[in-house]
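What follows is each chain in one-letter form.
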Amino acid sequence: MTDTSGSQRDLGKPLVVLENVNKHFGDLHVLKDINLTVHEGEVVVVIGPSGSGKSTLCRTINRLENYESGNITIGGRELPHEGKELAKLRADVGMVFQSFNLFSHKTILENVTLGPVKVRKMKPDAAKERAMDLLKRVGVDHQAEKYPAQLSGGQQQRVAIARSLAMEPTVMLFDEPTSALDPEMINEVLDVMTRLAQSGMTMIVVTHEMGFARKAADRVVFMADGAIVEENTPEEFFTNPQSARAKDFLAKILTH
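Residues numbered from 1 in each chain as written. Predicted model: local features only at pLDDT ≥ 70, side-chain atom pairs only at ≥ 80, totals over all residues. Heavy atoms only, no water.

Enquirer: So what exactly am I meant to see when it comes to the overall build of the protein here?
Expert: Regarding its fold elements, the protein presents 9 helices and 10 strands. For the protein, the C-alpha radius of gyration of 18 Å lies close to 18 Å, the compact-globule estimate for 256 residues. Along the first, second and third principal axes, the C-alpha atoms of the protein reach 55 × 50 × 40 Å. By residue count, 51% of the 256 residues in the protein fall in the buried class. Accessible surface, the protein: about 12,500 Å² in total, of which carbon and sulfur atoms supply 49%. Where the 30 positive side-chain charges of the protein centre and where its 34 negative ones centre are 5 Å apart. (Helix = DSSP H or I, 4+ residues; strand = E, 2+ residues; numbered from the N terminus. Rg over C-alpha atoms; globule rule 2.2 N^0.38 Å. Buried < 20%, exposed > 50% of the residue type's maximum accessible area, 1.4 Å probe, protein only. Areas by Shrake-Rupley, 256 points an atom, 1.4 Å probe, with all protein chains shown as cover. Lys, Arg positive; Asp, Glu negative; His and termini not counted. Charge placed at Lys NZ, Arg CZ, Asp CG, Glu CD.)

Here is the structure:
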């Protein structure tokens, strides 16, 4: 059988599946019949104008936002509504937000070891060893004994990524992870995310960083007005967008 997929990586089985998902905020229909399948090892970057529903989509995947209709499964299991089962599933879904959400009164090392010890019941020594490996991986191991306020925004966001990875998630969600950062710190976070993508982590990334989308994504999903308008490889999407909405969006952002 000949390989017709070009440079695309071989993808695993479906991991995150959204079927006909709908969500309203009052009268506002923010997610409209969303159908999306993300495979194991796939990096999907979600882009689109502000208010298109990108962040809401990200937050419904681990039930930080509820949805009214449709179905979301992770690893074949439907999202529980609440309680221990939801907490357990959330532990399998890493989430990195715009704000770093680190515990300010705990050291960097404590921030990264807390989840594995409390939720995964890891032994403290093992958790510490893994945390130091992860902090080294994201380039902040020398800051382990400091507190979040002593670090730059870029360093704090890299700690937040290490903290998510410490839980050994099956999928990582990133919701505008660089939008709160100063320009000179954005690349250091994107570099960590690019290396993570190359390592085979399943990732769903909401971002305005088109360079990252081009370089790291297997697939670009373009949203507008609460719907998925178009999805394609980065090469195809950026050079040959099919919809008027995507063409308009790219014309506005790529000329600056």
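Enquirer: It is not clear to me how the packing of aromatic side chains should be interpreted in this structure. Could you clarify?
Expert: Aromatic rings in a pair are described by how distant their centres are and how their planes are angled relative to each other. All told, the structure shown has 3 aromatic pairs when counted by the stated rule. On the basis of an interplanar angle of 35° and a centroid distance of 5.8 Å, the ring pair of Phe-222 and Phe-237 is categorised as tilted. Here Phe-222, found in strand S9 (residues 219-224), pairs with Phe-237, found in helix H8 (residues 234-239); they are 15 residues apart in sequence, far enough to count as distant. Just as Phe-222 is buried, Phe-237 falls in that class too. Taking 5.2 Å as the distance between ring centres and 50° as the angle between the ring planes, the aromatic pair formed by Phe-222 and Phe-249 counts as tilted. Taken together, the positions of Phe-222 in strand S9 and Phe-249 in helix H9 (residues 244-254) put the pair 27 residues apart, joining distant regions of the chain. The exposure class of Phe-222 is buried, given its relative accessible area of 0%. Residue Phe-249 is classed as buried on the basis of its relative accessible area, which comes to 11%. Every member of this aromatic cluster is reached through a ring pair, and the members are Phe-222, Phe-237, Phe-238 and Phe-249. (Phe/Tyr/Trp six-rings, centres within 6.5 Å; stacked < 30°, edge-to-face > 60°.)

Enquirer: What exactly am I supposed to notice about the side chain of Ser-164 here?
Expert: Here Ser-164 shows up in helix H5 (residues 153-166). In this structure Ser-164 comes out as buried when scored by relative accessible area, which is 9%. Leave out the neighbours within four places in its chain, and Ser-164 touches Gly-94, Met-95, Val-96, Pro-169 and Met-172. (Contact = heavy atoms within 4.5 Å.)

Enquirer: Explanation requested: the layout of surface pockets in the structure shown.
Expert: Gaps left between atoms are located by rolling a probe of water-molecule size over the structure's atoms. A volume near 510 Å³ is recorded for the largest pocket. Of all the secondary structure elements, the ones that give two or more residues to the lining of the largest pocket are helix H2 (83-92), strand S6 (93-96), helix H3 (108-118) and H5. Top element by residues in the lining of the largest pocket is H3. It accounts for 4 residues. Here the residues of the lining of the largest pocket sort into 11 nonpolar, 6 polar and 2 charged. (1 Å grid on protein atoms, 1.4 Å probe; cavity = no way out; pocket = protein on both sides within 12 Å on 5 of 7 lines; lining within 4 Å. Points joined across faces, edges and corners; volume = space filled by probe spheres on them. Nonpolar A, V, L, I, M, F, W, Y, C, P; charged D, E, K, R; others polar.)

Enquirer: It is not clear to me how the sheet that holds strand S2 (residues 28-39) should be interpreted in this structure. Could you clarify?
Expert: Two orientations exist for strands paired in a sheet by backbone hydrogen bonds: parallel and antiparallel. Within the open sheet, the 4 strands sit side by side as S2-S1-S4-S5. Their pairing is antiparallel. In this open sheet, the two edge strands, each paired with only one partner strand, are S2 and strand S5 (77-78). Relative to S2, strand S1 (residues 14-25) is paired through 8 bridges, and the arrangement is antiparallel. Residue pairing across strands places Phe-25 opposite Leu-28, the latter belonging to S2. (Pairing = 2+ DSSP bridges.)

Enquirer: Whenever I open this one, the pairing of strand S3 (residues 43-47) confuses me. Can you help?
Expert: Each regular strand displays side chains that alternate between the two surfaces of the sheet. Burial of S3 is extensive: 5 of the 5 residues sit out of reach of the surface. Of the two faces of S3, the one holding Val-43, Val-45 and Ile-47 and the one holding Val-44 and Val-46 are both buried throughout. In terms of strand pairing, S3 meets strand S8 (residues 203-206) through 4 bridges, oriented parallel. Across the sheet, residue Val-44 finds its bridge partner in S8, namely Ile-204. Two elements, S3 and S9, share 4 bridges in a ladder whose sense is parallel. Note on S9: the bridge partner recorded for Val-45 is Val-220.

Enquirer: Could you clarify how one ought to interpret the environment of Gln-150 in this entry?
Expert: By the element assignment, Gln-150 lies in the loop between helix H4 (124-137) and H5. A distance of 2.8 Å separates a polar side-chain atom of Gln-150 from the backbone nitrogen of Tyr-147. (Polar contact = N/O pair within 3.5 Å; in protein donor to acceptor, adjacent residues only side chain to side chain.)

Function cannot be read off these values alone, since they describe shape.
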